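# Inside the fold
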Amino acid sequence: MDKTVKDKAPGWQAGIGHRLPWLGSEVAPVALNSPRWVGWSDALAKRLELTPDDTTLALLSGNGASLPWSPVAQVYSGHQFGGYTPRLGDGRGLHLGERHGLEVFLKGSGPTPYSRGGDGRAVLRSAIREFLASEALHHLGIATTRALAVIGSETPVWRETQETGAITVRVSPSHLRFGHFEYFLYTRQQDRLEALIEDTIDHHFPQVRGESEPRLAWLAQVVERTAETVADWQAFGFCHGVLNSDNMSILGETFDYGPFAFMNTFNPGYVCNHSDHEGRYAFHQQPGIGLWNLNRLAVPLTPWLDEAQLKSALAQYEPALIRRYLSRMGARLGLEAPEERDLTLIGDLLNLMAAAQVDYSNTLRHFAGLDPTSHDTPLHALLSGQEGFASWWQRYQARVGAPADLAQWQAQRAQANPALILRTHLAQQTIEAAEAGDNEPLARLHRALCRPYDPEPQYDDLRGDAPSWSQQLTLSCSS
Ligand code: AMP
Ligand code: MG
């Protein structure tokens with residue numbers, strides 16, 4: 001134990017890996033060469049009471065500084081692309097400890113017993129993408145793990161070409177995945193499975209303790225949170241890309257950013273993951289996949305809950321998803337007290353947008369300046385060439401009516417329709433700059449993404465539709 005760090009950095013706790021020692025293995029990080037700060041989230045750092053000084057850099061890059069306990073790599077399994085993989089785990093990440101109830105996790109810190117032949121590293125481009133995405137979703141109001149920092153280095157890492165190693169410092173109240181629970185079920189460790197469930201409830205779902213069946217109430221909570229997060233993805237055009245059950249957070253947070261993308265041109269069948277040949281994780285499949293994964297989580301509860309009970313919890317998924325989607329899309333379009341029948345109005349607009357091949361986010365942003373009583377709006381300019389738009393507009397007008405206070409109505413739309421989203425090419429530009437040693441474009445995009453609903457003119461260059469060159473950018477799992 002490095003006493004200096006302990007004295008200098010109070011407020012750390014060992015966390016779940018030491019509470020439940022069978023949850024993984026103690027592993028020392030393998031230091032990155034010449035570590036340097038590439039990205040840093042001030043707001044999150046304040047919450048964690050951490051500063052970007054040399055001691056913090058050494059601690060987070062595995063360069064000597066340590067805490068009074070060993071970091072832990074956790075074991076889990078999971079269903080990947082529909083098939084069960086019996087043993088996965090933190091193959092390139094370590095749990096350092098907790099601060100203020102938040103787990104601090106190093107992604108890219110070297111091999112672990114779960115690396116399965118991998119190098120245990122993350123490359124700079126993937127670390128930056130995860131950092132930006134976590135911050136972007138959080139500030140849109142979508143549940144997600146957070147990212148404190150990106151640390152770059154001179155450590156060579158081989159992918160298709162030689163790149164450099166990096167660490168994303170990921171932060172969340174819990175990094176437990178559906179796959180953790182599957183692992184202890186399928187390895188027939190029922191006592192440990194039970195202890196893990198109890199620990200999860202105690203630390204993250206204490207409110208279900210008062211229920212007659214706490215485990216059932218817990219599952220119902222996970223069902224609801226997952227449904228809400230998936231609904232948010234659908235409302236904001238976010239495609240996760242690898243919705244395997246080992247990438248599903250028990251807190252319902254967006255988790256494990258790989259080949260994710262916010263959609264540019266609206267295409268319901270959009271597949272962001274180049275390796276997903278069958279489109280299993282296509283944009284419009286996400287709601288169904290969310291439920292499929294929750295079914296995988298229900299299986300580890302079969303020792304204690306019967307089929308009817310599990311089905312009753314899972315049955316809450318669809319209504320919760322629709323409720324949340326209606327609330328988000330209702331706010332975007334200005335539908336007061338949205339009801340299930342509004343789904344047709346929303347869906348018909350999306351069909352028109354798909355047919356016209358318009359940009360998803362920028363088209364919806366037009367609602368921020370829309371006069372719903374007019375017949376000459378930016379929506380008309382984009383969609384009036386589409387068969388069915390005129391009648392859609394009539395139905396929309398009938399539904400919305402004339403706002404009593406148009407300026408206020410528009411201001412509400414502006415708070416529901418982001419003026420900026422994290423497009424793949426925007427991330428790519430900051431990555432190329434950071435690879436060349438310039439971190440300012442990343443810092444600037446990060447600042448802009450922290451206020452996505454606020455169209456500050458200084459960031460207008462980040463707002464346009466995606467340029468045609470960016471359509472060629474492909475994303476795969478090789479990060
Ligand atoms: P992911 O596609 O990032 O969700 O990773 C799936 C599994 O592969 C997880 O168990 C990861 O820890 C592991 N993994 C991914 N990349 C690497 C790597 N470079 N080295 C070791 N393990 C990895
Ligand atoms: Mg993963």
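Residues numbered from 1 in each chain as written. Chains lettered and ligands numbered in written order. Predicted model: local features only at pLDDT ≥ 70, side-chain atom pairs only at ≥ 80, totals over all residues. Heavy atoms only, no water.

Helices and strands together make up the secondary structure of the protein chain, namely 18 helices and 14 strands. Its C-alpha atoms give the protein chain a radius of gyration of 23 Å, within 12% of the compact-globule value 23 Å for 479 residues. With the principal axes as the frame, the protein chain shows a C-alpha extent of 70 × 55 × 40 Å. When each of the 479 residues of the protein chain is scored for burial, the buried share is 57%. Counting only contacts in the protein chain whose residues sit at least 6 apart along the sequence, the fraction spanning at least 24 positions is 71%. In the form shown here, the protein chain has an accessible surface area of approximately 19,100 Å², with 49% of it arising from carbon and sulfur atoms. Side-chain charges in the protein chain split into 41 positive and 54 negative, and the spacing between the mean points of these groups amounts to 3 Å. (Helix = DSSP H or I, 4+ residues; strand = E, 2+ residues; numbered from the N terminus. Rg over C-alpha atoms; globule rule 2.2 N^0.38 Å. Buried < 20%, exposed > 50% of the residue type's maximum accessible area, 1.4 Å probe, protein only. Contact = heavy atoms within 4.5 Å. Areas by Shrake-Rupley, 256 points an atom, 1.4 Å probe, with all protein chains shown as cover. Lys, Arg positive; Asp, Glu negative; His and termini not counted. Charge placed at Lys NZ, Arg CZ, Asp CG, Glu CD.)

Of note, Arg99 is situated in strand E7 (residues 93–99). The charged side chain of Arg99 is buried without a salt bridge, its nearest counter-charge being Glu49 at 5.3 Å. Of the polar contacts made by the side chain of Arg99, one reaches the backbone oxygen of Pro10; its length is 3.0 Å. (Salt bridge = Lys/Arg side-chain N within 4 Å of Asp/Glu carboxyl O. Polar contact = N/O pair within 3.5 Å; in protein donor to acceptor, adjacent residues only side chain to side chain.)

A few words on the site of ligand 1. Near ligand 1, the surroundings consist of 15 residues, among which Gly89, Gly91, Arg116, Asp119 and Gly120 are the closest. Here Arg92 contributes a side-chain N or O atom positioned 3.2 Å from a nitrogen atom of ligand 1. In the environment of ligand 1, a nitrogen atom lies 3.2 Å from a nitrogen or oxygen atom belonging to the backbone of Arg121. Computed on the free molecule, ligand 1 has an accessible area of 480 Å², of which 80% lies beneath the protein chains in the complex. Classifying every residue of the shell around ligand 1 by side-chain character gives two nonpolar, six polar and seven charged. (Near = heavy atom within 4 Å. Nonpolar A, V, L, I, M, F, W, Y, C, P; charged D, E, K, R; others polar.)

Quantified by volume, the largest pocket comes out at close to 720 Å³. As for the largest pocket, its lining consists of 32 residues, and the residues nearest its centre are Tyr76, Arg92, Arg116, Asp256 and Cys477. A per-class count over the lining of the largest pocket returns nine nonpolar, twelve polar and eleven charged. Of the domains in this structure, domain 1 (3–172) and domain 2 (178–325) are the two that each give at least three residues to the lining of the largest pocket. (1 Å grid on protein atoms, 1.4 Å probe; cavity = no way out; pocket = protein on both sides within 12 Å on 5 of 7 lines; lining within 4 Å. Points joined across faces, edges and corners; volume = space filled by probe spheres on them. Domains from an automatic or database assignment.)

This part takes up the pattern of salt bridges. The tally for this structure, following the rule as stated, stands at 28 salt bridges. The closest approach of N and O atoms between Asp199 and Arg19, which form a salt bridge, is 2.9 Å. Remark: Arg19 occurs in helix H2 (residues 16–19) and Asp199 occurs in helix H7 (residues 190–204); sequence separation between them is 180 residues. Judged by relative accessible area, Asp199 falls into the buried class, the value being 8%.

Turning next to the state of the cysteines. Taken as a whole, this structure holds zero disulfides when the rule is applied. Just so you know, Cys239 is unpaired, no disulfide at all, and the nearest cysteine sulfur is the one on Cys272, 3.9 Å from it. Given the relative accessible area of 0%, Cys239 is considered buried. (Disulfide = S-S within 2.5 Å.)

Moving on, we get to the coordination of the magnesium ion (ligand 2). Looking at the metal site, the magnesium ion (ligand 2) is ligated by Asn247 (OD1) and Asp256 (OD), spaced 1.9 to 2.2 Å from it. Under the relative-accessibility criterion, Asp256 is labelled buried at 14%. (Donors = N, O, S within 2.8 Å, 3.2 Å for Na, K, Ca; no water.)

Below, the discussion takes up the packing of helix H8 (residues 214–236) against helix H11 (residues 317–333). Interhelical geometry of H8 versus H11 gives an angle of 35° and a closest axis separation of 8 Å. Seen along the crossing, H8 lies across H11 with a hand that is right-handed. Residue-level inspection shows Val223, Glu224, Thr226, Ala227, Glu228, Val230, Ala231, Asp232, Gln234, Ala235 and Phe236 of H8 in contact with H11, the latter providing Tyr317, Ala320, Leu321, Arg323, Arg324, Tyr325, Arg328, Met329 and Arg332. In terms of residue class, the contact of H8 with H11 is built from eleven nonpolar, two polar and seven charged. (Axes fitted to C-alpha atoms, helices over the stretch in contact; angles between N-to-C directions. Left-handed = near helix turned anticlockwise from the far one by under 90°.)

Take helix H18 (residues 440–449) next. Taken as a whole, H18 has its buried residues at Leu442, Leu445, His446, Ala448 and Leu449. When H18 is viewed along its axis, its buried side chains cluster within an angular range of 165° and face the same direction. Contacts from the buried residues of H18 go to strand E3 (36–40), helix H5 (124–140) and helix H17 (424–435). (Arc of directions from axis to C-beta.)

So, on to the pairing of E7. Judged by how many residues are buried, E7 sits mostly within the fold: seven of seven residues are covered. Strand direction decides the pairing type here: strand E1 (residues 12–13) and E7, joined by two bridges, are antiparallel. Its bridge partner being in E7, Trp12 is matched across the sheet by Arg99. Judged from the six bridges that link them, E7 and strand E8 (residues 102–107) form a sheet pairing that is antiparallel. Along E8, the bridge assignment pairs Arg99 with Leu102. Between E7 and the antiparallel strand that follows it, E8, lie two residues; His100 among them carries a positive phi value of about 50°. (Pairing = 2+ DSSP bridges.)

Pairs of packed helices are described in terms of their axes, by the angle between the two and the distance that separates them. In contact at an axis separation of 11 Å, H7 and H8 are set at 65° when each is read in the N-to-C sense. In terms of axis orientation, H7 runs roughly perpendicular to H8. The handedness of the crossing between H7 and H8 is left-handed. Along its contact with H7, which presents Glu194, Ile197, Glu198, Thr200, Ile201 and His204, the element H8 presents Pro214, Arg215, Trp218 and Arg225. Within the contact of H7 with H8, the residues separate by chemical class into four nonpolar, two polar and four charged. (Parallel < 35°, antiparallel > 145°, perpendicular 65-115°, else oblique.)

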